[in-house]
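# Report on the structure
Spelled out, the chains give:
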Amino acid sequence: MSDPVSDEALDQIFREARTHDAWLDRPVGDDVLLRLYELMKWGPTSANLSPARILFLRTKEAKERLRPALMGGNVEKTMAAPVTAIVAHDERFFANASRLFPHFPQIADMFANSPKMAEETAFRNGTLQGAYLILAARSLGLDAGPMSGFDNAKVDAEFFASDDTKGWRSNFLVNLGHGDPAKLFPRGPRLPFEEASRLL
Ligand SMILES: Cc1cc2nc3c(=O)[nH]c(=O)nc-3n(C[C@H](O)[C@H](O)[C@H](O)COP(=O)(O)O)c2cc1C
C-alpha cells in the first residue's frame with residue numbers, strides 16, 4: 001500500500017481549504033485548467049461513463065454572458081474570479097460506452113431504455129465529478145467557490161445551444177482562482193462523526 005498523503009496536503013485539500021468569495025489579482029492560465037481536468041478525470045464514475053462536461057469561462061465577454069443568470073449575491077464574486085467553471089453533464093453520456101467501458105459496452109442500452117435512470121446517473125456522477133474538480137483545484141494550489149445560486153435553464157440556453165454542446169445540462173458553478181484570505185468570514189463548524197455517521 002502506498003503511504004498516506006502528508007498532513008500538510010490534507011490541510012491544503014480539506015482542513016484548511018475554504019470556499020472563497022474574494023479573489024486576488026492573479027491569473028489562472030489555460031495550462032492550469034488543462035492540468036485540473038487531467039487530475040479530476042480520474043475520479044470514479046458509474047461504469048466509467050464520465051458524464052461531466054466543464055465549460056471554463058475565463059474572459060470578460062464569457063462572464064458577461066453568465067451575469068443575467070446569476071442570483072444577485074453571486075454576481076460580484078463571479079465577475080471578479082479569474083475563471084468560472086460551469087459544471088454540466090451530457091444527457092447523452094452513454095453514447096461513449098464502447099470507448100469508456102469497452103468490456104461491456106451494451107450497458108448503453110440500459111440508459112437508452114430508461115431516461116429516468118440515465119438522468120439520475122448523469123446528475124449523480126456529474127455532481128461527483130464536480131466535487132473531484134474542487135479537490136483537484138485545491139491540490140494544484142487553487143481556491144474554489146462553488147455556487148448553485150443561478151438559473152440553470154438560462155445558462156443552458158445561453159451556453160449549450162451549439163452543436164458541440166447540445167445536450168449538456170448545467171449543474172453548478174465553481175469560481176476558481178487564488179482567494180483573498182483577508183476577506184474570509186469565520187468558518188462554520190461541521191457535524192461531528194457521532195451525529196453524521198452510524199456504525200453497524
Ligand atoms: C453545491 C454548492 C452550492 C453553493 N452555492 C452557493 C451560492 O450560490 N452562493 C454562495 O455564496 N455560496 C454557495 N456555496 C458555498 C457554501 O456556502 C460553502 O461552501 C460552505 O458554507 C462551506 O464553506 P467553507 O468551505 O469556507 O467552510 C455553495 C457550495 C456548494 C458546495
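Residues numbered from 1 in each chain as written. Predicted model: local features only at pLDDT ≥ 70, side-chain atom pairs only at ≥ 80, totals over all residues. Heavy atoms only, no water.

### Topic: helix H2 (residues 30–40)
Rules: A simple rule labels every residue: compare its accessible area, found with a 1.4 Å probe on the protein chains alone, to the largest value its type can have, and call it buried under 20%, exposed over 50%, or partly exposed in between. Think of it this way: any DSSP run of H or I at least four residues long counts as a helix, any run of E at least two long counts as a strand, and we number them from the N terminus. By definition, the arc is the one covered by directions from the helix axis to the C-beta atoms. In this analysis, two residues are considered to be in contact whenever any of their non-hydrogen atoms come within 4.5 Å of each other.
Among the residues of H2, those classed as buried are Leu 33, Leu 36 and Met 40. Down the axis of H2, the smallest arc covering the buried residues is 55 degrees, so these residues share one side. With respect to the buried face of H2, the exposed residues turned more than 90 degrees away are Asp 31 and Leu 34. Looking at the buried side of H2, the elements it contacts are strand S1 (52–57), strand S2 (83–90), helix H7 (115–139) and strand S4 (168–177).

### Let's talk about the pairing of S2
Worth spelling out the cut-off: Any two strands with at least two DSSP-identified bridges between them are counted as paired.
Among the eight residues in S2, eight count as buried, and that is most of the element. Here S2 shows two buried faces, one formed by Val 83, Ala 85, Val 87 and His 89 and the other by Thr 84, Ile 86, Ala 88 and Asp 90. Relative to S4, S2 runs antiparallel, the two being bridged by eight bridges. The residue bridging Asp 90 from the neighbouring strand is Trp 168, located in S4.

### Here's the deal with the packing of helix H1 (residues 7–15) against H7
Each packed pair of helices is defined by two parameters, the angle between the axes and the distance between the axes. Short version of the rule: Helix axes are fitted to C-alpha atoms over the stretch in contact, other axes to C-alpha atoms as well, and angles between N-to-C directions run from 0 to 180 degrees. Roughly parallel covers angles under 35 degrees, roughly antiparallel covers those over 145, roughly perpendicular covers 65 to 115, and oblique covers all other angles. Handedness of each helix crossing follows the sense of rotation of the near helix against the far helix: counterclockwise by less than a right angle gives left-handed, clockwise gives right-handed. Gly is put with the polar residues, along with every residue not named as nonpolar or charged; the nonpolar set is Ala, Val, Leu, Ile, Met, Phe, Trp, Tyr, Cys and Pro, and the charged set is Asp, Glu, Lys and Arg.
Contact geometry for H1 and H7: axes closest at 9 Å, N-to-C directions at 135 degrees. Comparing the axis directions of H1 and H7 gives the class oblique. The hand of the H1/H7 crossing is right-handed. For the pair formed by H1 and H7, the contact residues are Gln 12, Ile 13 and Phe 14 on the first element and Leu 135, Arg 138 and Ser 139 on the second. Residues that form the contact of H1 with H7 fall into these classes: three nonpolar, two polar and one charged.

### A closer look at unusual backbone geometry
The general pattern is negative phi for most residues beyond glycine and trans for most peptide bonds. The backbone phi angle of Asn 48 is positive, close to 60 degrees, even though this residue is not glycine. With respect to the secondary-structure elements, Asn 48 resides in the loop between H2 and S1. Owing to a relative accessible area of 36%, Asn 48 belongs among the partly exposed residues under this scheme. Positive phi outside glycine occurs at Ser 50, with the angle close to 45 degrees. A residue is classified by how much of its surface remains accessible, and Ser 50, at 16% relative accessible area, is buried.

### What to know about the pattern of salt bridges
The following threshold applies: For this document, the term salt bridge refers to a Lys or Arg side-chain nitrogen within 4 Å of an Asp or Glu carboxyl oxygen.
Tallying each qualifying case throughout the model produces 13 salt bridges. Here Lys 60 and Glu 64 are joined by a salt bridge, their closest N and O atoms 3.3 Å apart. Pair noted here: Lys 60 and Glu 64 are both in helix H3 (residues 60–66), with a separation of four residues, about one helical turn. Of the residues examined, Lys 60 reaches a relative accessible area of 58% and is grouped as exposed. For Glu 64, a relative accessible area of 29% translates into the label partly exposed. Among the ionic contacts, a cluster of salt bridges with common partners joins Asp 7, Asp 11 and Arg 15.

### Comments concerning the nonpolar core
The cut-off we apply is this: We define a nonpolar core as any set of buried Ala, Val, Leu, Ile, Met, Phe, Trp, Tyr and Cys residues linked to one another through side-chain atoms lying within 4.5 Å.
The biggest cluster of nonpolar side chains holds 19 residues, and the ones touching the most others in it are Leu 33, Leu 36, Met 40, Ile 54, Leu 133, Val 174 and Leu 176. The element best represented in this core is H7, accounting for five residues. In terms of nonpolar packing, the next biggest core, distinct from the first, is built from 15 residues, Met 147, Val 155, Phe 159 and Phe 160 among them.

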